[in-house]
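# Secondary and tertiary structure notes
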Amino acid sequence: MAAVTAGMVKELREMTGAGMMDCKKALAETDGDMDKAVEFLREKGLAAASKKAGRIAAEGIVATIISEDGKSGAIVEVNSETDFVAKNAQFQGYVADVAAQVLASESKDMEAFLEEKWAKDNSLTVAQVLSSQISVIGENMSIRRFEKIVTDGVVVDYNHGGGRIGVIIEAGAEVVNDTVKEALKNVAMQIAALAPKYVKRDEIPQEFIDHETEILKLQAKNENPDKPDNIIEKMIVGRLNKELKEFCLVDQAYVKDGDLTVGKYLEQVSKEVGGKVEVKKFVRFETGEGLEKKEENFADEVARQMQ
């Protein structure tokens, strides 16, 4: 019998969308023959989506969910091939169910999450339900990424553009009321709009600062080839500070009041409610970011569906 390797299991999972253990079993049953393993999974009803697995899924929805007590929140991106399907009510309902699954889950990575029992039907895994949805909807789909936050403070979410961008924020708050929640919602909108990378300056890795400093130094030398190095060094200090402000949430100009930074805005809110409010962490997902998108027009899509 041929040895079943982790690489073979991974390849079969990518081809079929079936669960890891199901793929491992299929390969063992078929002596490592990939084609036969696909057929094995199809016969078991676990790989009905195999023909669609190679299509690019770069559209979709980012969904967020917050627990009733506001102490935990989750964010998930589920991709489809077309924006048309992303607007489908069935797809949107499925993504909402995935978000609820993440909120209740203890899984730390996608592999473990896909092997979980589906909360709405314990006879199936998350991966099996995904495969079933692909078959019903008729497009390749993937649960691309997720993150969960649990806190002693409060979690607030914001969803923009019908799921195009999603944000969840963890905040420390000595007082939690409607004013605080509204303020944090405003900050979440800021994150959605301006996409900061860090909450505050001390979170920025030194290697990132060194890299940006070197780039700015080269730019300054190219612009001012006759200036000595000590002058160049002074020139880039201001440029670097300006750039780092754009990366740090609390240093950004507050979009609803340009006279304030986000940090100063939260200081005002803290004074108003009589307790400190500060952002501890945020997660921002934008649908399809970093993925190659397929260029197709709607007429072509309809024509292909009719064939």
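Residue numbers here run from 1 along each chain, matching the order of that chain's written sequence. Only residues with pLDDT of at least 70 get local features here, since the model is predicted, and only at 80 or more are side-chain atom pairs given and counted; chain-wide, interface and lining totals rely on the full set of residues. With hydrogens and water excluded, all non-hydrogen atoms of the structure serve as input to the side-chain values.

### Digging into the packing of helix H9 (residues 206–223) against helix H10 (residues 229–247)
- Lines fitted to the C-alpha atoms define the axes, with helices restricted to the stretch that makes contact. Angles between their N-to-C directions range from 0 to 180 degrees. Comment: elements are numbered from the N terminus, with helices defined as DSSP H or I runs of at least four residues and strands as E runs of at least two. The contact between H9 and H10 brings their axes to 9 Å, and the two run at 130 degrees. The orientation of H9 with respect to H10, classified from their angle, is oblique. At the point where H9 passes H10, the crossing takes the right-handed sense. Residues Phe-208, Ile-209, Glu-212, Thr-213, Leu-216, Lys-217, Gln-219, Ala-220, Lys-221 and Glu-223 of H9 pack against Asp-229, Ile-232, Glu-233, Met-235, Ile-236, Arg-239, Leu-240, Glu-243, Leu-244 and Phe-247 of H10.
- A class-by-class count of the residues in the contact of H9 with H10 yields ten nonpolar, two polar and eight charged. Throughout, the term roughly parallel applies to angles under 35 degrees, roughly antiparallel to angles over 145, roughly perpendicular to angles from 65 to 115, and oblique to all others. Less than a right angle of anticlockwise turn of the near helix away from the far helix marks a crossing as left-handed, whereas a clockwise turn marks it as right-handed. Pairs of residues are marked as contacts when any of their non-hydrogen atoms sit within 4.5 Å. Throughout this entry, Asp, Glu, Lys and Arg are counted as charged residues, while Ala, Val, Leu, Ile, Met, Phe, Trp, Tyr, Cys and Pro are counted as nonpolar. The remaining residues, Gly among them, count as polar.

### Some remarks on the packing of aromatic side chains
- Note on ring pairs: Phe, Tyr and Trp rings are taken, using the six-membered ring of Trp, and paired if centres are within 6.5 Å. Classes follow the plane angle, with under 30 degrees stacked, over 60 edge-to-face and the rest tilted. Scanning the model with the defined rule gives five aromatic pairs in all.
- Between Tyr-198 and Phe-208, the aromatic rings sit 6.2 Å apart at their centres with planes inclined by 65 degrees, giving edge-to-face as the arrangement. Here Phe-208 lies in helix H9 and Tyr-198 lies in the loop between helix H8 (178–194) and H9, a separation of ten residues in the sequence.
- Here Tyr-198 falls in the buried class, since its relative accessible area comes to 17%.
- Aromatic side chains Tyr-254 and Tyr-265 sit 4.1 Å apart centroid to centroid with 15 degrees between the ring planes, which places their arrangement in the stacked category. Here Tyr-265 lies in helix H11 (residues 262–273) and Tyr-254 lies in strand S8 (residues 253–254), a separation of eleven residues in the sequence. Of the two residues, Tyr-254 and Tyr-265, neither departs from the other in class, the shared state being buried.
- Aromatic ring contacts, followed pair by pair, group Tyr-198, Phe-208 and Phe-247 into a single cluster. Burial here depends on accessible area, computed with a 1.4 Å probe over protein chains only, as a share of the maximum for the residue type. Under 20% is buried, over 50% is exposed, and the range in between is partly exposed.

### Considering the sheet that holds strand S5 (residues 142–150)
- One requirement defines pairing of two strands: DSSP has to find at least two bridges between them. The sheet built from three strands is open, its strands ordered S1-S2-S5 with antiparallel pairing. Because the sheet does not close on itself, it has two edges, and the strands there are strand S1 (59–66) and S5. On average, adjacent strands in this sheet sit at an angle of 10 degrees to one another, irrespective of strand direction.
- Relative to the sheet, helix H5 (residues 89–104) contacts S1, strand S2 (72–80) and S5, its axis offset from that of S2 by approximately 140 degrees.

### Comments concerning the environment of Val-85
- Relative to the helices and strands, Val-85 is located in helix H4 (residues 83–86).
- On a C-alpha basis, the gap between Val-85 and Ile-61 in space is 10.0 Å, while along the polypeptide they are 24 residues apart.
- Those residues in contact with Val-85 that lie beyond four places of it in its chain are Ser-80, Phe-91, Ile-137 and Glu-139.

### Describing the pairing of strand S6 (residues 154–160)
- Most of S6 is tucked away, with five of its seven residues classed as buried.
- Sheet analysis places S6 next to strand S7 (residues 165–173), joined by seven bridges and oriented antiparallel. Bridge assignment links Val-156 to a residue of S7, and that residue is Ile-169.
- Where S6 folds back onto S7 in an antiparallel hairpin, the turn is made up of four residues, including Gly-161, whose phi is positive at roughly 65 degrees.

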